[in-house]
Amino acid sequence: MSSQDEIIKYFEDNRDKIRKNIIDLTTAMVKEKTVNVVSEKLPDHPYLEFRGEEYRVAKIVKELLKKAAIPFDEHSRQEGRPNIIGKLGKNKSGKKLLMPGHMDIVPAGDGWETKPYEVVEKNGFLYGRGTLDNKGPLASILIAGQILKTMGLDQQIEGELLLAALSDEEAEDPDGIDYGIGYLMEEKLIDPTWAIIPDIGENMKNIDIAEKGRTVYKITAQGHQAHGSTPDKGINAVYMMARLITQIEKLKFNYEIHDVLGEPTHNLGEVHGGAAPNIVPGKCAIMLDIRTVPGMSRDSVTNKLKECADQVENGKFEIEVLSWNEPHSIAPDNAVVNSIQKHSEQILGFKPKTLGFGGGTYAKTLNLNGVISVGWGPGDDEAFHVANEYVEIKQLVDFAMMTCLVALDLLKE
């Protein structure tokens, strides 16, 4: 019997047990409020001492790896924000497949019908903050590793399968310091050949091979504060900003339409200005989210914003780049995509299509560092960052099986 047939039979014979193990592991991780926000919003979450607090989930991950006799490394840029890398395989110098899930989550927000940090199972779905993004898929990856170890199939892995529970995916501070995948790559603590990032949803029917770049701009209008009864003695920064916003709304970038990413986008997400109704505001600031396609440079985007500012008569603006990352795109014909498509067609009954993605995942950092990486995993893409976040249990089990099959396909001797 081939290793593929062994895995399929194991899942057929033990599906209820695997299902329970994934639910139990997801439930335990969701109970931990590993909420990640930018530092300025930390006071809004008094249960946090610091951003993320991923060590809470890392304890659960390490316990599972120890029980499964899977060796692991732990790397932390900051105490309490660890990255756990479980390792399966015989040859550390061979090819490596990285399967990472992130331990941090976004805040629960409002509108929940259940308690967000207590998993509820209903009609074949799990509900709770992190069930999809990203603790449920992380549970699938870890259980897949446990199964490979139990079956002894880890001895057929010639290179290494890296089971990663990572920190710091959901929020980026203005200082740009990364505590997760960026830190690991920057310090050369991992060197994968390929990676599969289960963080796009699409119900495993699409594979992310390209992602737009993302930049965040802060633009501040500089006016002059005065008493609200004598507005003529001041310069109203909100009015000034309103005129700039009108220009930004009409903004057209220079670009070429990308074959899978399409066109760039820009969104005005925040406006901050004014202290009281009876004060002429001296400052007003906005935050822009701009998603770029290949061929667009940081300077070209910034220059377009400066052109908008120049259209405002007597306008005085400060334009700051708070963060910038490049778009990326890889060829659809590669070993990872081919393996996913082959096994999905055989086992799941469909062949996932390749697409471009407007959001950002770990795949971007990895691809920009020379690691062939795709986004692919379980869940509905409309369930991310919303109240009543959910994921289908069957998909979590299927993803665990697919992790086993693809890993052996790429790494088997």
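Residues numbered from 1 in each chain as written. Predicted model: local features only at pLDDT ≥ 70, side-chain atom pairs only at ≥ 80, totals over all residues. Heavy atoms only, no water.

Colleague: Can you help me understand the overall build of the protein chain in this one?
Modeller: Within the protein chain, the regular secondary structure consists of 9 helices and 18 strands. A compact globule built from 413 residues should have a C-alpha radius of gyration of about 22 Å, and the protein chain, at 24 Å, falls within 12% of that. For the protein chain, the spread of C-alpha atoms along the principal axes amounts to about 85 × 45 × 40 Å. Within the protein chain, the proportion of its 413 residues that are buried is 53%. Within the protein chain, counting contacts between residues at least 6 apart in sequence, those at least 24 apart form 80% of the total. Approximately 18,500 Å² of the protein chain is accessible, and the part contributed by carbon and sulfur atoms is 46%. Between the averaged position of the 47 positive side-chain charges in the protein chain and that of its 63 negative side-chain charges there is a distance of 2 Å. (Helix = DSSP H or I, 4+ residues; strand = E, 2+ residues; numbered from the N terminus. Rg over C-alpha atoms; globule rule 2.2 N^0.38 Å. Buried < 20%, exposed > 50% of the residue type's maximum accessible area, 1.4 Å probe, protein only. Contact = heavy atoms within 4.5 Å. Areas by Shrake-Rupley, 256 points an atom, 1.4 Å probe, with all protein chains shown as cover. Lys, Arg positive; Asp, Glu negative; His and termini not counted. Charge placed at Lys NZ, Arg CZ, Asp CG, Glu CD.)

Colleague: What should I look at first to understand helix H3 (residues 135-151) in this one?
Modeller: It helps to recall that an α-helix has 3.6 residues per turn; residues three or four apart then point in one direction. Taking 1.5 Å per residue as the helical rise, H3 with its 17 residues ought to reach 24 Å, and the 24 Å between its terminal C-alpha atoms agrees with that figure. Most of H3 sits out of view: 14 of its 17 residues are buried. Trailing H3 by a residue or two, Gly152 shows a phi angle of about 80 degrees, which is positive. (Expected span 1.5 Å × (residues − 1).)

Colleague: Looking at this model, I keep getting lost on the packing of aromatic side chains. Mind explaining?
Modeller: Both the distance between ring centres and the angle between the ring planes are used here to describe each pair of aromatic rings. Following the criterion strictly, the structure yields 5 aromatic pairs and no others. With centroids separated by 5.9 Å and ring planes inclined at 75 degrees, the aromatic side chains of Phe125 and Tyr390 adopt a geometry described as edge-to-face. Here Phe125 is found in strand E5 (residues 125-127), whereas its partner Tyr390 is found in strand E18 (residues 390-392), with 265 residues between them in sequence. With a relative accessible area of 22%, Tyr390 lands in the partly exposed category. Plain terms: the ring middles of Tyr127 and Tyr390 are 6.0 Å apart, the flat faces sit at 45 degrees to each other, and that makes the pair tilted. Of this pair, Tyr127 sits in strand E5 while Tyr390 sits in strand E18, and the two are 263 residues apart along the sequence. An aromatic cluster is built from Phe125, Tyr127 and Tyr390, whose rings are joined through pairwise contacts. A cation over a ring is seen here: Lys33 above Tyr47, with NZ or CZ 5.0 Å from the ring centre. (Phe/Tyr/Trp six-rings, centres within 6.5 Å; stacked < 30°, edge-to-face > 60°. Lys NZ or Arg CZ within 6 Å of the ring centre and 35° of its normal.)

Colleague: Quick question: what am I supposed to make of the sheet that holds strand E9 (residues 213-222) here?
Modeller: Strand-to-strand pairing in sheets goes through backbone hydrogen bonds, with the strands running parallel or antiparallel. Reading across from one edge, E11-E13-E9-E14 is the order of the 4 strands in this open sheet, with antiparallel pairing throughout. For this open sheet the edge positions go to strand E11 (265-273) and strand E14 (317-325), each flanked by a neighbour on one side alone. This sheet shows a mean twist of 15 degrees between the axes of neighbouring strands, independent of strand direction. The pairing of E9 with E14 spans 8 bridges and is antiparallel. Bridged to Thr220 within E14 is Glu318. (Pairing = 2+ DSSP bridges. Axes fitted to C-alpha atoms, helices over the stretch in contact; angles between N-to-C directions.)

Colleague: Which parts of the structure should I look at to understand the layout of surface pockets?
Modeller: Estimated volume of the second largest pocket: approximately 160 Å³. Taken together, Arg15, Asn203, Met204, Lys205, Ile347, Leu348, Phe350, Glu392, Lys394, Gln395, Asp398 and Met401 form the lining of the second largest pocket. Broken down by secondary-structure element, the contributors of at least two residues to the lining of the second largest pocket are helix H7 (335-348) and helix H9 (393-411). Partitioning the lining of the second largest pocket into residue classes produces 5 nonpolar, 2 polar and 5 charged. (1 Å grid on protein atoms, 1.4 Å probe; cavity = no way out; pocket = protein on both sides within 12 Å on 5 of 7 lines; lining within 4 Å. Points joined across faces, edges and corners; volume = space filled by probe spheres on them. Nonpolar A, V, L, I, M, F, W, Y, C, P; charged D, E, K, R; others polar.)

Colleague: Just to check I follow, could you spell out the pairing of strand E7 (residues 194-197) for this structure?
Modeller: It is a general feature of regular strands that their side chains alternate between the two faces of the sheet. Across the two faces of E7 the burial is the same, with Trp194 and Ile196 and Ala195 and Ile197 all buried. Pairing of strand E3 (residues 96-102) with E7, which is carried by 2 bridges, proceeds in the parallel orientation. Each residue of the ladder has a partner; that of Leu97, found in E7, is Trp194.

Colleague: When you look at the sheet that holds E5 in this model, what are you seeing that I'm missing?
Modeller: In space, the 3 strands of this open sheet follow the order E4-E5-E18, with antiparallel pairing throughout. The strands lining the two open edges of the sheet, one partner per strand, are strand E4 (120-122) and E18. Sheet twist, expressed as the mean angle between neighbouring strand axes with direction ignored, is 25 degrees. Where E5 lies against E18, 3 bridges are found, and the strand directions are antiparallel. The partner of Phe125 across the bridge, within E18, is Glu392. Its contacts with the sheet place H9 against E4, E5 and E18, and it is angled at close to 60 degrees to E18.

Colleague: How should I be thinking about the nonpolar core in this particular structure?
Modeller: Note on soluble globular proteins: their nonpolar side chains tend to be buried together. Grouped together as the largest cluster of nonpolar side chains are 68 residues, with contacts concentrated most on Ile7, Phe11, Leu97, Leu161, Ile196 and Val374. Element by element, the count of residues in this core is highest for H9, at 14 residues. Other than its neighbours up to four places away in sequence, Leu161 contacts Gly86, Lys87, Leu88, Leu97, Met99, Leu148, Ala407 and Leu411. The next biggest cluster of nonpolar side chains, apart from the first, holds 25 residues, and it includes Ile248, Val301, Cys308 and Ala309. (Core = buried A, V, L, I, M, F, W, Y, C linked by side-chain atoms within 4.5 Å.)

Colleague: Quick question: what am I supposed to make of the state of the cysteines here?
Modeller: Throughout this description, disulfide means a covalent bond between two cysteine sulfur atoms. Within the structure shown, the criterion is met by 0 disulfides. Just so you know, Cys284 is unpaired, no disulfide at all, and the nearest cysteine sulfur is the one on Cys308, 16 Å from it. When its relative accessible area of 6% is taken as the criterion, Cys308 is described as buried. (Disulfide = S-S within 2.5 Å.)

Colleague: So what exactly am I meant to see when it comes to the packing of helix H1 (residues 3-30) against helix H2 (residues 55-67) here?
Modeller: In helix packing, the relevant descriptors are the interaxial angle and the interaxial distance, both defined with respect to the helix axes. The contact between H1 and H2 brings their axes to 9 Å, and the two run at 150 degrees. Between H1 and H2, the angle is such that the two are roughly antiparallel. Every pair of crossing elements has a handedness; the one defined by H1 and H2 is right-handed. Across the interface between the two elements, Leu25, Ala28 and Met29 of H1 pack against Val57, Ile60, Val61 and Leu64 of H2. Tallied by class, residues from the contact of H1 with H2 come to 7 nonpolar, no polar and no charged. (Parallel < 35°, antiparallel > 145°, perpendicular 65-115°, else oblique. Left-handed = near helix turned anticlockwise from the far one by under 90°.)

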